[in-house]
Amino acid sequence: MFRMESVERRFQVGEIMTYALRDFSLSIGEGDFVAVEGPSGAGKTTFLNIAGLLDPMDGGKYYLAGEDVSELSDRDRSLIRNQRIGFIFQGFNLIPDLSAEKNVELPLRLRGMSAAERKQRVGAALEQVGLTSRARHLPSKLSGGQQQRVAIARAIAGSPNIILADEPTGNLDTHMAAQIMEMLVAINEAGTSIIMVTHSPESAQVAKRRIEVRDGRIVE
């Protein structure tokens, strides 16, 4: 379902070539849940940005849902991001002047989805994360845990092939972090693949697989 083969990402400053990723290969099956660990600067964020089609790659191949997405145009990359990938960020990345339901709806609106289908999907996603009663609240009126639940609802509303989570519990206390991880496990058990970058051993323990990245390579 997800496969990277010998992916490279490099940067040159003067005569010095630095590799953020080098010979990076990873395969993830449908319904898998993978935790990506490693020290700061190891290449985890670079990997996630390439996986999310946010950054280009300088070598190798990347296949998503059977399609080679290594060299797509910016327009096609945007379409795949919107239709096949769900994102959950450490900082929530909610639009402050939109309500919870409007934040969840926005990616669906960008797809050109009908109003009736958007309403159904938004309602179902907010119900799944337990925020139906907060649907019309602005992010500023929600706790950190509630904001992350809105972000999860936004990620799942579009029925993505895969969810990419970047430190999804990083800004939460222990209790709220545990609740968020329970939600991610439930989403995964329903069939959605998840790749999660984390520094938290507690969060990583719930994944089906754990990999360690150092110096741009998978070492374990």
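Data block above holds the structure.
Calculation notes
- Residues numbered from 1 in each chain as written.
- Predicted model: local features only at pLDDT ≥ 70, side-chain atom pairs only at ≥ 80, totals over all residues.
- Heavy atoms only, no water.
- Helix = DSSP H or I, 4+ residues; strand = E, 2+ residues; numbered from the N terminus.
- Buried < 20%, exposed > 50% of the residue type's maximum accessible area, 1.4 Å probe, protein only.
- Expected span 1.5 Å × (residues − 1).
- Arc of directions from axis to C-beta.
- Polar contact = N/O pair within 3.5 Å; in protein donor to acceptor, adjacent residues only side chain to side chain.
- Contact = heavy atoms within 4.5 Å.
- Salt bridge = Lys/Arg side-chain N within 4 Å of Asp/Glu carboxyl O.

For the rest of this paragraph, the subject is unusual backbone geometry. The phi dihedral of Ser6 is positive, around 50 degrees, even though this residue is not glycine. Mapping Ser6 onto the fold places it in strand β1 (residues 2-13). Residue Ser6 is classed as partly exposed on the basis of its relative accessible area, which comes to 37%. In the Ramachandran plot, Phe92 falls in the positive-phi region, its phi being about 75 degrees despite a non-glycine side chain. Within the element layout of this structure, Phe92 appears in the loop between β6 (85-88) and α3 (100-110).

Below, the discussion takes up helix α6 (residues 174-189). Its 16 residues place the ends of α6 22 Å apart at the C-alpha level, agreeing with the 22 Å of an ideal helix rising 1.5 Å per residue. Looking only at α6, the buried set comprises Met176, Ala177, Ile180, Met181, Met183, Leu184, Ile187 and Asn188. Projected down its long axis, α6 carries its buried residues within an arc of 155 degrees, all on one side. Among the exposed residues of α6, those oriented more than 90 degrees off its buried face are Thr174, His175, Glu182 and Glu189. For α6, the side-chain oxygen to backbone nitrogen distance between the N-cap and His175 is 3.2 Å, and the N-cap itself is Asp173. Of the residues flanking the end of α6, it is Gly191, one or two places downstream, whose phi is positive at about 120 degrees.

With that settled, the discussion passes to the environment of Ile180. Locating Ile180 in the fold gives a position in helix α6. Residue Ile180 is classed as buried on the basis of its relative accessible area, which comes to 0%. Considered as a pair, Ile180 and Gln146 are 34 residues apart in the sequence and their alpha carbons are 9.5 Å apart. Other than its neighbours up to four places away in sequence, Ile180 contacts Gly145, Gln148, Arg149, Ile152, Pro168, Thr169 and Leu172.

This part is about the pattern of salt bridges. The tally for this structure, following the rule as stated, stands at 14 salt bridges. Between Glu105 and Lys102 there is a salt bridge, with its nearest N and O atoms 3.5 Å apart. Here the residue Glu105 and the residue Lys102 both occupy positions in helix α3, the gap between them amounting to 3 residues, near one helical turn. The class of Lys102 is partly exposed, set by a relative accessible area of 38%. One salt bridge in this structure joins Arg109 and Glu105, with 3.2 Å as the shortest N-O distance. One end of the pair is Arg109 and the other is Glu105, both in helix α3 and 4 residues apart, which spans about a single turn.

Function cannot be inferred from these measures alone, as they are strictly geometric.
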